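Per-entry structural report
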Amino acid sequence: MKILAIQNRMGIGDTVIFLPYIRAISNKCGVPVSLLVKENSKANEFLNQTNYIDEIIHLERDNKINRKHDGFKGFFKLASDLKKYNFDKVFIFNSSLRYNLISRLAGIKEIFQYPLFEKQNQHITESAKKLIKRYLNIETSDNPEIQIDNSLVKKTAVNFNINNDELNVLLGVGGSGPTKRIPSKTFLDVMEKLETFKKCRFFLATGKNEDEQKVLSELYSTKFKEKCVALDNLSIREILPVIKNCNVAICNDTSFSHLSSALGIKTITLMADTPLIYGSYNTNMYPIIPDGEKTVSHNTLGKDKINPDKIYEKLISIIN
């Protein structure tokens, strides 16, 4: 039996969020599941060792430039591409008629999907839970799980001189937008407090754009430089075993918060300007919201109101 799951949302985080439902399908059907995801999900970089995942197929579509699977011609091209795999079943994690018809043209006999034409105000996790309950009769409440070979984790610990006597902290200081990136002074305040608690080592995860590199530089130009390891020149695949060696993570709303929590690392998520669900759907996530707010969503604009004292107190409670 060959099974496909279609998840057409963008980015690493969205792909990670859907992993419990992919795993539920795999467990129920007894085979790994192939994924149709966008290339910027980077799924091939972090799911290549996960045993409930089969092949990663890239959806080349973004509605902005003429990609292979865009438009009328792309409709038929995607159907043709999928037909080569001879899938028996498909689970479509959206309400689009397009993917339903493409699956039919690809010769997939069993099609399971969200209710058609109900995209508006669709809850990112509840809709997926309902799909799995409806078609597989499974209640899904598991955390996302990214698997990684333990020998690789041990080898990485040696290569990076990671000492178990130290507190190894992942700092996800990057972010997909300026309103999500917490100022470096907030991280520095937490680092200062942690140093009085225990000897620490900080692994800095960020992207390559100018603003993210500025935050990285600000952290490096302090007394903590010798205690910091920048990960920005590594691929996601290379960073995963580093994360797995960490005791705890403190991350902006960035891909690293999703990856670290799915690797089983207790992750403090700094939620400044994104719906709270993105930083709280995993029991390994411990969200911190801006002072004065009861919740957080788009346009909360609270990056300067994330309290470093609350981050420190939460971290101490986690590791104790």
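The paragraphs below set out a description of the structure included in this document. This structure is a prediction, so every number in the text was calculated from the model and none was measured.

1. As for the side chain of S95
In this structure, S95 sits in the loop between β4 (89-92) and α5 (97-105). Only 2.7 Å separates the side chain of S95 from the backbone oxygen of P115, close enough to count as a polar contact. Ignoring any residue separated from it by four or fewer positions in sequence, one finds S95 in contact with Q113, Y114, P115, L116, F117, E118, K119 and Q122.

2. Comments concerning the pattern of salt bridges
Evaluation of the coordinates by the stated rule reveals 20 salt bridges. A salt bridge links E192 to K223; its shortest N-O distance comes to 2.7 Å. Taken as a pair, E192 in helix α8 (residues 184-197) and K223 in the loop between α9 (210-220) and β8 (228-230) lie far apart in primary sequence, 31 residues in all. With a relative accessible area of 37%, E192 lands in the partly exposed category. The shortest N-O distance in the salt bridge between D291 and K310 comes to 2.8 Å. Taken together, the residues D291 in the loop between β11 (285-288) and α12 (308-319) and K310 in helix α12 connect sequence positions 19 residues apart. The exposure class of K310 is partly exposed, given its relative accessible area of 38%. Salt bridges sharing common partners tie together E60, K68, K77, D81 and K84.

3. Thoughts on the layout of surface pockets
There is about 720 Å³ of room inside the largest pocket. If you trace the largest pocket, you find 29 residues lining it, with G11, I12, S176, T254 and S255 closest to the centre. Listed by contribution, the elements that provide at least two residues to the lining of the largest pocket are α1 (11-17), α10 (236-244) and α11 (255-262). The residue makeup of the lining of the largest pocket, split by class, is eight nonpolar, 13 polar and eight charged. Approximately 360 Å³ is the volume found for the second largest pocket. The wall of the second largest pocket is formed by 15 residues, among which N8, R9, N94, K119 and Q122 lie closest to the centre. Here the lining of the second largest pocket is built from residues that sort into five nonpolar, eight polar and two charged.

Criteria and cut-off values
Residues numbered from 1 in each chain as written. Predicted model: local features only at pLDDT ≥ 70, side-chain atom pairs only at ≥ 80, totals over all residues. Heavy atoms only, no water. Helix = DSSP H or I, 4+ residues; strand = E, 2+ residues; numbered from the N terminus. Polar contact = N/O pair within 3.5 Å; in protein donor to acceptor, adjacent residues only side chain to side chain. Contact = heavy atoms within 4.5 Å. Salt bridge = Lys/Arg side-chain N within 4 Å of Asp/Glu carboxyl O. Buried < 20%, exposed > 50% of the residue type's maximum accessible area, 1.4 Å probe, protein only. 1 Å grid on protein atoms, 1.4 Å probe; cavity = no way out; pocket = protein on both sides within 12 Å on 5 of 7 lines; lining within 4 Å. Points joined across faces, edges and corners; volume = space filled by probe spheres on them. Nonpolar A, V, L, I, M, F, W, Y, C, P; charged D, E, K, R; others polar.

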